[in-house]
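If you want the building blocks of each chain, they are given just below.
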Amino acid sequence: MKRNIYIFIVLSLALALPSCKIGKKYALPELDLPEEIVAGADTASIDSISWQSLYVDTTLQRLITIALDNNKDMKIAVAKVKEMIASKRITFADQFPEIGARIYGQKERLNYGGDNPKPDPEYGAKLALSWELDLWGNLRWANEAGIAAYLQSVEARHALQMTLVAEVAAAYYELCALDQEQDIVRHTLAARREGVRLAKLRFEGGLTSETSYSQAQVELARTETLLPSLEQKIKIKENDLAFLLGQYSGDIPRLLETLPVGLPSSLLERRPDMRQAEQKLREANARVGVAQTDLFPKISLTGNLGFENEELTNFIKSPAWFLAGDLLQPLFAMGKNKAKLKAARARYEQEVYNYQKSVLSVFKEVNNAIVTIRKAKEVRMSYEKLLNAADTYLQLAQLQYINGVTSYMDVLDAQRGLLDAQLSLNKAMLDE
């Protein structure tokens, strides 16, 4: 029996070692990429930059941490990674023999017309082995496809994490900008009420006509209409941010300390979505290999080793073994296997075009991002100058109005200009 086991092992190794892997080895498609996106653009990878270094606001950092821990989409992505880890292990284990144990006992009584049929007992304890020899690479291609599918889930989780960080940060800055806009409107309201009070005193003192007093009241009423809309936007934005945090609606803490520092205008050359697209391409190529190897014969080995006897007393003295090999060669299936191969190749072709499309999309997005970040800074600096000029103009208009040089209409125009400049600067800071 020992000699037979050795023969079985040697035969298995002899069959397995010279096995080949039929199919086209994966290679990244040729891409005619430009040497650089924008002249002078940094080529650092976003992977080397942590979000904590981008967003130095400690309140925002706490919100992002909560979102990464509690966001339901993130939890789904993490569970997906766990699923794919298990699936990858299954395809890897399929390449190796399976060994199982079976212990059984049975008693059978057959009566073929006799007067006193005797029972026919049987007892057994055996180890069972089954192994499909991977002669053409079918199981190895399946394992490679499983690895690629697993890496897709990993990159999808990375991409979702980056997206979630960006969405929380964007919502937080929008909320802070709305707070700032609300403060601007409230300060403007205070100035409008003071303007109404002064216009009323000058009208009652006979220094101006009732027109100036009415104009001041109109501007006060117009400014008051801005507050309810702002309060609605703030509440809705708080609800949006709470959803990203995986929490029920409530007050969101904010303390805008500073704008992000060191935001890179860099080529995002290792974006997770790009790596995910490449792994989809790798998986599709492996599926082609699986379909191609299905055209060739499959050899599987099965064996049993143990004890078998009709009596328990002599059970250990009755060794038994069984060895068998099966060869399955597809002969006729109405072209099903060839059609599977053609379908797999067509899916691979689709993934090639999807990957090329993804590359084009990334280059477009990066170009847009580089131009946008540069111009946003210039716009913000321009609005800072406009705000200083509008503030100076308002002070001069108020001084001239008090001295009777100009009408109250000039003061109102200056106030409107200052409010517009304040709101525009606030939006420019948000955009940057």
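Right, let's talk about the packing of helix α5 (residues 138–204) against helix α8 (residues 272–293) for a bit. Any two packed helices are characterised by how steeply their axes cross, that is the angle between the axes, and by the distance between the axes. Where α5 meets α8, the closest approach of the two axes is 8 Å, and the angle between their N-to-C directions is 165 degrees. As the angle between them shows, α5 and α8 are arranged roughly antiparallel. For the pair α5 and α8, the sense of crossing is left-handed. Grouping the amino acids of the contact of α5 with α8 by side-chain chemistry returns 12 nonpolar, eight polar and eight charged.

Attention now goes to the environment of Ala 67. Locating Ala 67 in the fold gives a position in helix α3 (residues 58–70). Sequence-wise, Ala 67 and Gly 246 are 179 residues apart; in three dimensions their C-alpha atoms are separated by 6.5 Å. Those residues within four positions of Ala 67 in sequence are excluded, and the remaining contacts are Leu 164, Val 168, Leu 244 and Leu 245.

Once that is clear, we can look at the side chain of Arg 202. Note on placement: Arg 202 falls in helix α5. With no salt bridge to any partner, buried Arg 202 finds its closest opposite charge in Glu 194, at an N-O distance of 11 Å. Here Arg 202 is in contact with Leu 207, Thr 208, Tyr 401 and Ile 402, once residues within four sequence places are set aside.

Here the focus is the environment of Arg 380. Mapped onto the elements of the fold, Arg 380 is located in helix α9 (residues 336–402). C-alpha of Arg 380 to C-alpha of Leu 425: the two residues are 45 residues apart in sequence and 6.2 Å apart in space. Leave out the neighbours within four places in its chain, and Arg 380 touches Leu 425, Ala 428, Met 429 and Glu 432.

The subject of this paragraph is the pattern of salt bridges. By the definition in use, this model includes 13 salt bridges. A salt bridge links Arg 380 to Glu 384, with the shortest nitrogen-to-oxygen separation between them at 3.3 Å. Of this pair, Arg 380 and Glu 384 are both found in helix α9, four residues apart, which corresponds to roughly one turn of the helix. For Arg 380, a relative accessible area of 17% corresponds to the buried category.

Relative orientation of the contacting elements helix α6 (residues 210–224) and helix α7 (residues 226–244) amounts to 15 degrees, with a least axis distance of 4 Å. Classed by the angle they form, the pair α6 and α7 counts as roughly parallel. Where α6 approaches α7, its residues Arg 222, Thr 223 and Glu 224 are matched on the opposing element by Leu 226, Leu 227 and Pro 228. Here the residues of the contact of α6 with α7 are counted per class, giving three nonpolar, one polar and two charged.

Core analysis: the biggest nonpolar cluster contains 46 residues, and Tyr 55, Leu 60, Ile 64, Val 168 and Leu 241 have the highest contact counts within it. For this core, the secondary-structure elements that each account for two or more residues are α2 (51–54), α3, α5, α6, α7, α9 and α10 (408–431). If one sorts the elements of this core by residue count, α5 sits on top with 14 residues. Of all hydrophobic cores here, the second largest spans 17 residues; its members include Leu 281, Leu 341, Ala 344 and Ile 370.

Cut-offs used in this document
- Residues numbered from 1 in each chain as written.
- Predicted model: local features only at pLDDT ≥ 70, side-chain atom pairs only at ≥ 80, totals over all residues.
- Heavy atoms only, no water.
- Axes fitted to C-alpha atoms, helices over the stretch in contact; angles between N-to-C directions.
- Helix = DSSP H or I, 4+ residues; strand = E, 2+ residues; numbered from the N terminus.
- Parallel < 35°, antiparallel > 145°, perpendicular 65-115°, else oblique.
- Left-handed = near helix turned anticlockwise from the far one by under 90°.
- Nonpolar A, V, L, I, M, F, W, Y, C, P; charged D, E, K, R; others polar.
- Contact = heavy atoms within 4.5 Å.
- Buried < 20%, exposed > 50% of the residue type's maximum accessible area, 1.4 Å probe, protein only.
- Lys, Arg positive; Asp, Glu negative; His and termini not counted.
- Salt bridge = Lys/Arg side-chain N within 4 Å of Asp/Glu carboxyl O.
- Core = buried A, V, L, I, M, F, W, Y, C linked by side-chain atoms within 4.5 Å.

Everything listed is a geometric property; what it means functionally is a separate question.
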